[in-house]
Number of protein chains: 2
Amino acid sequence: MTQHTLKQFDTDLEAIRTGVLQMGGLVESQVTNAFAGLRSGDKSLIEKVIAGDHRINLLEVDIDEACSKLIALRQPAASDLRAVLGAMKTVTDLERIGDEAKKVAKAARRLHSGDLPYSPKVDLNHAALLASDMLRKALDSFARMDVTLAPELARMDEDVDTAFEAVTRQLITYMMEDPRTISNSLETLFIAKAIERIGDHAVNISEYVIYMAHGRDVRYAGTEAVEIEAAKGAKS
Amino acid sequence: MTQHTLKQFDTDLEAIRTGVLQMGGLVESQVTNAFAGLRSGDKSLIEKVIAGDHRINLLEVDIDEACSKLIALRQPAASDLRAVLGAMKTVTDLERIGDEAKKVAKAARRLHSGDLPYSPKVDLNHAALLASDMLRKALDSFARMDVTLAPELARMDEDVDTAFEAVTRQLITYMMEDPRTISNSLETLFIAKAIERIGDHAVNISEYVIYMAHGRDVRYAGTEAVEIEAAKGAKS
């Protein structure tokens, strides 16, 4: 690439990265609002989340297109190419987190639309906060190309998984004790599942950051591989 | 690209596409074996599926790497670039289908490990066959770059969704009638959910084929957009 092309590439890449972070911010507020809607039963907030998912989908398509245009036009290689491909992968997971937020909002709508006021049987707040925290950390890690956060995200994900299993067991007990709670318990279970999925996607994003910064694909490579790359620090 | 580079690109792309289809074949047999294991309780088959998921994960990483190397080396543009990016997206969904097959196998293991023989309360065979059929059609569509299958896959996905909702309602009824069935019913529900997700991923693949063949990203664009592109036939 010539000096001019290089500069143009950097400008275009920066625009894409800003777009990813804006999309990330939007996804974060979708997640926050979905859980706020679940707790409060605020109908307008719940509907806002459900309607807002469409914008996130469009952002994914837009950023994807900007990435493939940038590749075709500037023909980046090595870390430049990885930066673009990593952005494409990141938006896929952000879009899926958006889907999970929408699912939570839809479950919240059903739970709060019954004749009786919805009284939660299990505490999802802890797991929901953990997953939101993971998402924020994953976006931080993307923003600063900070590979050191990946092991922490992996550990937090284990906590989310443990919380999910505990919630499932608790819900089974409630359902057995009082079968009238089965419908609502299943809604709660699907919400817990959504939280668990948000955690998985946040982990994925932190793994793409390692790929972008170090060129090593640590997906499915186990905790040790993630820790080795994190210990190397950001090389970017 | 020079004539030689072009030829080399075609050879490399063909190798990638063959790899995607081999991975697809493996994922198909994981899905088939997972449901066969669920029906029969054949422990060795169930364990084979659970252990086999790792190979699919590695294939995703390998094909991903081959794709980014090809882009860096041959700097494809237009439909050539779309073919490579489409392959990358396709393997992401294939890997997720593999995850769903593993989830079904794990649920099958739990269901068949109880003291009592497992007797299914609801019929999942119809939905499972439908989802397997969708996967095969999605892989056909990828193999032949056949955009005309996408609308059919979208319709089949609606049937799978309808089957999932019916299964959920049936299971709620069973759980309420006999709370002792709650644990097993939840396992069955998670299996139904896995079937529903396999259908979604198959639809995604058929949408990538439209992107690869026509350059139009029809994700989230609605049924009409998919039908318009399908009606244009394969331009490749």
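Since we're looking at a predicted model, the values are computed, not measured.

A. Structural context of the interface of chain B and chain A. Counting residues at the interface gives 36 residues for chain B, matched by 36 residues for chain A. Together, the buried faces of chain B and chain A total about 3,200 Å²; carbon and sulfur atoms form 64% of this surface. Area buried by chain B at its contact with chain A is led by B:Arg96, B:Phe190 and B:Tyr220, which between them contribute 19% of it. At the junction of chain B and chain A, the tally comes to 8 salt bridges. Taking the shortest distance from any N to any O, the salt bridge between A:Lys89 and B:Asp64 comes out at 2.6 Å. Here chain B is connected to chain A by 11 residue pairs in polar contact (both at pLDDT 80 or more).

B. Quick peek at the UniProt feature "domain: PhoU" (unreviewed entry) in chain A. If you check UniProt for "domain: PhoU" (unreviewed entry), the listed places come out as residues 21-107 and 126-209 of chain A in our numbering. The straight-line gap between the two end C-alpha atoms of residues 126-209 of chain A is 26 Å; of that span, 89% is helix and 0% is strand.

C. Molecular detail of the relation of the copies chain B and chain A. Placing chain B over chain A gives an RMSD of 0.0 Å and needs a rotation angle of 180°, together with 0.0 Å of translation along the axis. Put plainly, the chains are arranged around a two-fold axis. Closest approach to the rotation axis among the C-alpha atoms of chain B is made by B:Gln75, whose C-alpha sits 2.8 Å away. An overlap of 100% is found between the interface residues of chain B and their copies at the interface of chain A, pointing to a shared contact surface.

D. Inspection of the packing of aromatic side chains at higher detail. Tallied over the entire structure, the rule returns 0 aromatic pairs over all chains. Sitting above the plane of the B:Phe190 ring, A:Lys193 keeps its charged end 5.9 Å from the centroid. The ring centre of B:Phe142 lies 4.5 Å from the NZ or CZ of B:Arg17, which sits over that ring.

What counts and how
- Residues numbered from 1 in each chain as written.
- Chains lettered and ligands numbered in written order.
- Predicted model: local features only at pLDDT ≥ 70, side-chain atom pairs only at ≥ 80, totals over all residues.
- Heavy atoms only, no water.
- Contact = heavy atoms within 4.5 Å.
- Buried area = accessible area lost by both parts, 1.4 Å probe.
- Salt bridge = Lys/Arg side-chain N within 4 Å of Asp/Glu carboxyl O.
- Polar contact = N/O pair within 3.5 Å; in protein donor to acceptor, adjacent residues only side chain to side chain.
- UniProt positions renumbered as here; feature names shortened; annotations may be inferred.
- Helix = DSSP H or I, 4+ residues; strand = E, 2+ residues; numbered from the N terminus.
- Least-squares fit on C-alpha atoms with pLDDT ≥ 70 in both.
- Phe/Tyr/Trp six-rings, centres within 6.5 Å; stacked < 30°, edge-to-face > 60°.
- Lys NZ or Arg CZ within 6 Å of the ring centre and 35° of its normal.

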